[in-house]
Amino acid sequence: MSILTTEIQSALAQQAIELPSWAFGNSGTRFKVFGTPGTPRDPYEKIADAAQVHKYTALAPSVALHIPWDLVDSFDDLRRHAEDLGVSLGTINSNTFQDDDYKFGALTHEDAGVRRKAIDHHLACIDVMDATGSRDLKIWLAEGSNYPGQADMRGRQDRLHESLQEIYARLGDEQRLVLEYKFFEPAFYHTDVPDWGTSYAQVAALGDKASVCLDTGHHAPGTNIEFIVMQLLRLGKLGSFDFNSRFYADDDLIVGAADPFQLFRIIVEVIRGGGLNNPDVAFMLDQCHNVEDKVPGQIRSVLNVQEMTARALLVDREALTAAQRSGDVLEANRIFMDAFYTDVRPALAEWRESRGLPADPMRAFAESGYLAQIAADRVGGVQAGWGA
């Protein structure tokens, strides 16, 4: 009998992990971006690559876009292209960190004209959302200062609130704003949205259609990320995840690569807080495949999330609660660790086959010849971000 009960299989079948379009282009470290044969030349080819991940895993039904990296003449046409490939267009990500005008800030800038430019960019992103049917506008701000005294931190928070208010007011009834945080980089003395508390304070002041985006790589070493997950779920303000992995800072590595146990602990809290397969809590990847092939890198990532979700669903919650209430420290930890150490891979392979999917999606994709085909077909592709 499979260790994956009918209830667990049902939960796994509903899981959806959004892919970032930029993960399929040339992107990576701040020092060198290594090109890859077959790199997409436009957003259409990015979506074609993303559709391969969904084809072999049934885990990635939507693709997030980054503006202006993914601007096209017709988003209606791009949406139809995605639908023809079996996926949809998802979160729209703004970009106010690659323009000289934003050297000293965008939504927080002292100059009202620069703030106007940044606000208008976000309003244009909402226009894209209207055309694509996307629900979420995700905002990450590379804003702050490098030296004490350089900037008025209080004034910048006030200006950020005013800017976000105008963007928020433009959202449609079914649209949301999710505000990402990052504790440092590229600003080193202070960052305008450095932690979940600042992001929470800003979105709470906006209203019910604003929430926090938690990037798993955007934390100082030793941070208890699952505690933050718990708290944001408890407060009803965890809007989305950006899943990746870090050893040192914002490494943007394959999720679960650095600390699989941390990923497990996070998903345990997601389940405990009612966030699994909850439409209000979006799962997304945010990774830069700088030295590995991009499509299999994304396949490995979604499979890592699926595997840790399966393990987290194996936690005997009733027994764990009983041990916690009785103060049985060792028994509670044993129950928790037994689920983490359970090898669910054979059961997942069997379950995939029962659904008409390859037991080993990585191998099936490798044997498909897709990478060789796009390497031959695409010449000169640099699409998608830092390497563009």
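Residues numbered from 1 in each chain as written. Predicted model: local features only at pLDDT ≥ 70, side-chain atom pairs only at ≥ 80, totals over all residues. Heavy atoms only, no water.

Draft legend 1. View of the side chain of Thr216. Along the chain, Thr216 turns up in the loop between β8 (210-215) and α7 (225-235). A polar contact of 2.8 Å, which involves the side chain of Thr216, links it to the backbone oxygen of Asn244. (Helix = DSSP H or I, 4+ residues; strand = E, 2+ residues; numbered from the N terminus. Polar contact = N/O pair within 3.5 Å; in protein donor to acceptor, adjacent residues only side chain to side chain.)

Draft legend 2. Spotlight on helix α9 (residues 294-313). With 20 residues, α9 extends 29 Å between its outermost C-alpha atoms, agreeing within 8% with the 28 Å of an ideal straight helix rising 1.5 Å per residue. Of all 20 residues in α9, 18 are buried; the element is thus mostly enclosed. (Expected span 1.5 Å × (residues − 1). Buried < 20%, exposed > 50% of the residue type's maximum accessible area, 1.4 Å probe, protein only.)

Draft legend 3. Local environment of the state of the cysteines. For the structure on display, the rule yields 0 disulfides. For the unlinked cysteine Cys213, the closest cysteine sulfur is that of Cys288, found at 14 Å. Note on Cys213: relative accessible area 0%, which makes it buried. By relative accessible area, Cys288 is classed as buried at 9%. (Disulfide = S-S within 2.5 Å.)

Draft legend 4. Representation of the pattern of salt bridges. In this structure the tally under the stated criterion is 26 salt bridges. Across the pair Arg176 and Asp136 runs a salt bridge whose closest N-O atoms are separated by 2.8 Å. A residue pair is termed long-range when its members are at least 10 positions apart, and Arg176 in strand β6 (residues 176-180) and Asp136 in strand β4 (residues 136-139) qualify at 40 residues. Each member of the pair Arg176 and Asp136 is classed as buried. Linking Lys182 and Asp250 is a salt bridge whose minimum nitrogen-to-oxygen distance equals 2.8 Å. Of this pair, Lys182 sits in the loop between β6 and β7 (190-191) while Asp250 sits in the loop between β9 (238-243) and α8 (260-272), and the two are 68 residues apart along the sequence. Accessibility classification places Lys182 together with Asp250 in one group, the buried group. One network of salt bridges, with partners in common, ties together Arg41, Glu45, Asp49 and Arg378. (Salt bridge = Lys/Arg side-chain N within 4 Å of Asp/Glu carboxyl O.)

Draft legend 5. Up close: the pairing of β9. Across the 6 residues of β9, 6 count as buried, placing the element largely inside the fold. Relative to β9, β8 runs parallel, the two being bridged by 4 bridges. Of the residues in β9, the one forming a bridge with Val212 is Leu238. In terms of handedness, the path from β8 via α7 over to β9 forms a crossover that is right-handed. (Pairing = 2+ DSSP bridges. Right-handed = clockwise from strand over helix to strand, strands pointing away.)

Draft legend 6. Main features of the packing of aromatic side chains. The final tally for this structure, using the stated rule, is 16 aromatic pairs. A ring pair is formed by Phe97 and Trp140, whose centres lie 5.1 Å apart and whose planes are at 65°; its orientation type is edge-to-face. Taken together, the positions of Phe97 in the loop between β3 (88-93) and α4 (112-132) and Trp140 in the loop between β4 and β5 (144-145) put the pair 43 residues apart, joining distant regions of the chain. Consider the rings of Phe261 and Phe264, whose centres lie 6.1 Å apart with planes at 15°: the pair is stacked. Placement of both Phe261 and Phe264 in helix α8 is noted, with a separation of 3 residues, approximately one turn of the helix. Owing to a relative accessible area of 0%, Phe264 belongs among the buried residues under this scheme. Of note, Arg311 hangs over the ring of Phe340, and the distance from its end group to the ring centre comes to 5.3 Å. (Phe/Tyr/Trp six-rings, centres within 6.5 Å; stacked < 30°, edge-to-face > 60°. Lys NZ or Arg CZ within 6 Å of the ring centre and 35° of its normal.)

Draft legend 7. Region of interest: the environment of Ala319. In this fold, Ala319 is placed in helix α10 (residues 317-326). Separated by 56 residues in the primary sequence, Ala319 and Leu263 place their C-alpha atoms 22 Å from one another.

Draft legend 8. Structural context of the nonpolar core. By size, the foremost hydrophobic cluster in this structure holds 89 residues, and its most contacted members are Leu107, Leu177, Leu214, Val229, Phe241, Phe264 and Phe283. In this structure Leu177 touches Leu137, Ile139, Leu164, Ile167, Tyr168, Leu171, Leu206, Lys209, Ala210 and Ser211, once residues within four positions along its chain are discounted. Core analysis: the second largest hydrophobic core is formed by 8 residues, Leu12, Val344, Leu348 and Trp351 among them. (Core = buried A, V, L, I, M, F, W, Y, C linked by side-chain atoms within 4.5 Å. Contact = heavy atoms within 4.5 Å.)

Draft legend 9. Structural detail: unusual backbone geometry. Cis geometry marks the peptide bond from Ile67 to Pro68, where omega comes out at 20°. Examined against the element boundaries, Pro68 turns out to sit in the loop between β2 (62-66) and α3 (75-84). Each neighbour pair has its own omega, and for Glu185 with Pro186 the value is 10°, a cis peptide bond. Within the fold, Pro186 resides in the loop between β6 and β7. The phi dihedral of Ala58 is positive, around 55°, even though this residue is not glycine. Turning to its location among the elements, Ala58 is positioned in the loop between α2 (43-57) and β2. We classify Ala58 as partly exposed; its relative accessible area is 25%. Unusually for a residue other than glycine, Glu185 sits at a positive phi of about 80°.

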